Amino acid sequence: MNLLNISCKKATYLVSKKEQGKIRLFDRLTLQIHLGICSLCKRFEQQSGFMIKNTKHTHTDEKLSEEVKERIKEVLDSSY
Amino acid sequence: MNKPSLQAEEWVEKYSDLLYNYTLQRVSDKGLAEDIVQETFLSAWKSRETYKSDASEKTWLFAICKNKIIDHYRKKSSSPVQYAEVDTTDHFFDEAEHWTKEAQPNEWGINYQQPVETKEFYSILAYCKKKMQDMQRNVFVMKYMEDLSAEEICKVLNISSSNYWVIIHRAKLQLRKCLELNWINS
């Protein structure tokens, strides 16, 4: 068995460890080798980076119903 | 000085929608988000005397709200009925742990470096987060939206470090697949 050879499952698992700076030296090496030969996992790494960057500042435009707003005002008033 | 009722009214009008949107992106349902917003206002209201004006009112309210959300995660993971995390990504890899054809990442045809700020993307992202399992979503939100450290997250959710990495892995696989299906392929 080749120790340097890791599976796609393991490689994608290690991608998150690498992103968070928590990867061991040996794992970093095996991941690098895997990403060099596996275009699918390389793509996963790119898409993972994309997801991280774009989930941080999401924007939605929902409105709290007037009913709930009134309820909150009442709660605040009564706790005065 | 404002009459208290007036101040309460002003607060709610000014910040409730902002806090609601913020919370809605971090928890799974609307009723829960409403409760968290209410609790946020109530806590803020009770401690408004001690509030120091070196931070803006808005920043202060959001900090309280963030804590309420994390409290909710904490409570949920320490409740007697533990929410089990089921591996929904099992079929993403075959026996040799290589990608299966259905789950493998396809080319998205976008510039991965360029931020996407379209309404369509945000609404699909919200949909996909909603579809995640509670545990996956909570870990994902705390890590990638709130920037908590892995150690802090493990403490809040009372999980081991290896558990944490497994959940992060599955959350990403799941979210990636959902975005590809609903955003890229639509």
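Residue numbers here run from 1 along each chain, matching the order of that chain's written sequence. Ligands are numbered from 1 and chains lettered from A, in the order in which they are written. A pLDDT threshold of at least 70 governs which residues receive local features in this predicted model, and a stricter bar of 80 or more applies before side-chain atom pairs are shown or counted, although totals over entire chains, interfaces and linings include all residues.

**Student:** I would appreciate a short explanation of the packing of helix 2 (residues 30-46) of chain B against helix 3 (residues 57-78) of chain B in the present structure.
**Tutor:** Between two packed helices, what matters for the description is the angle formed by their axes and the separation of those axes. Residue and element names in this part refer to chain B. Angles shown run from 0 to 180 degrees and are taken between the N-to-C directions of axes, each axis being a line fitted to C-alpha atoms and, for helices, limited to the stretch in contact. Numbering of helices and strands runs from the N terminus, with a helix taken as a DSSP run of H or I at least four residues long and a strand as a DSSP run of E at least two residues long. In contact at an axis separation of 9 Å, helix 2 and helix 3 are set at 125° when each is read in the N-to-C sense. Classified by the angle between their axes, helix 2 and helix 3 sit oblique to one another. Crossing of helix 2 against helix 3: the hand is right-handed. Along its contact with helix 2, which presents Ile36, Glu39, Thr40, Ser43 and Ala44, the element helix 3 presents Leu61, Ile64, Cys65, Lys68, Ile69 and His72. Charged means Asp, Glu, Lys or Arg here, nonpolar means Ala, Val, Leu, Ile, Met, Phe, Trp, Tyr, Cys or Pro, and polar covers whatever is left, Gly included. When the residues that make up the contact of helix 2 with helix 3 are grouped by side-chain class, the tally is six nonpolar, three polar and two charged. Working definition: roughly parallel below 35 degrees, roughly antiparallel above 145 degrees, roughly perpendicular at 65 to 115 degrees, and oblique for all remaining angles. For a crossing to be left-handed, the near helix must be turned anticlockwise from the far one by less than a right angle; the clockwise case is right-handed. The contact criterion used is a C-beta to C-beta distance within 7 Å, with each C-beta placed from the backbone.

**Student:** Just checking my understanding: could you explain the domain arrangement of chain B for this structure?
**Tutor:** A common way to state how big an interface is: give the accessible area lost once the parts meet. Residues and elements named next belong to chain B. Where each domain starts and ends comes from a domain assignment, either automatic or drawn from a database. Looking at the assigned domains, one finds that chain B contains domain 1 (4-78) and domain 2 (90-184). On the domain 2 side, the residues contacting the nine residues of domain 1 number 12 residues. Partitioned by chemical class, the residues of the side of domain 1 that touches domain 2 number two nonpolar, four polar and three charged.

**Student:** What am I meant to see in helix 4 (residues 119-131) of chain B here?
**Tutor:** Structurally, the α-helix is built with 3.6 residues per turn, so residues lying three or four positions apart point the same way. What a helix is expected to span follows from its residue count: subtract one and scale by 1.5 Å. With 13 residues, helix 4 of chain B ought to run about 18 Å at 1.5 Å a step, and its terminal C-alpha atoms sit 19 Å apart, in line with that. Here a residue counts as buried when 20 or more other C-beta atoms fall within 10 Å of its C-beta, as exposed when 12 or fewer do, and as partly exposed in between; the C-beta atoms come from the backbone. Burial in helix 4 of chain B covers these residues: Leu125(B), Cys128(B) and Lys129(B). For helix 4 of chain B, the angular spread of the buried residues around the axis is 100°, confining them to a single face. Exposed and facing more than 90 degrees away from the buried side of helix 4 of chain B are Lys119(B) and Glu120(B). Tucked into the core, helix 4 of chain B has its buried residues touching helix 3 (39-55) of chain A together with helix 5 (134-145) and helix 7 (161-184) of chain B. Think of it as the arc spanned by the lines of direction from the helix axis to the C-beta atoms.

**Student:** Explanation requested: the interface of chain A and chain B in the structure shown.
**Tutor:** Chain A puts 39 residues into the contact, and the matching count from chain B is 43 residues. Of all the elements in the fold, those that place two or more residues in the side of chain A that touches chain B are helix 1 (8-19), helix 3 and helix 4 (66-78) of chain A. Here the side of chain A that touches chain B gets 13 residues from one element, more than from any other, and that element is helix 3 of chain A. Of the residues that constitute the side of chain A that touches chain B, the class distribution is 13 nonpolar, 14 polar and 12 charged.

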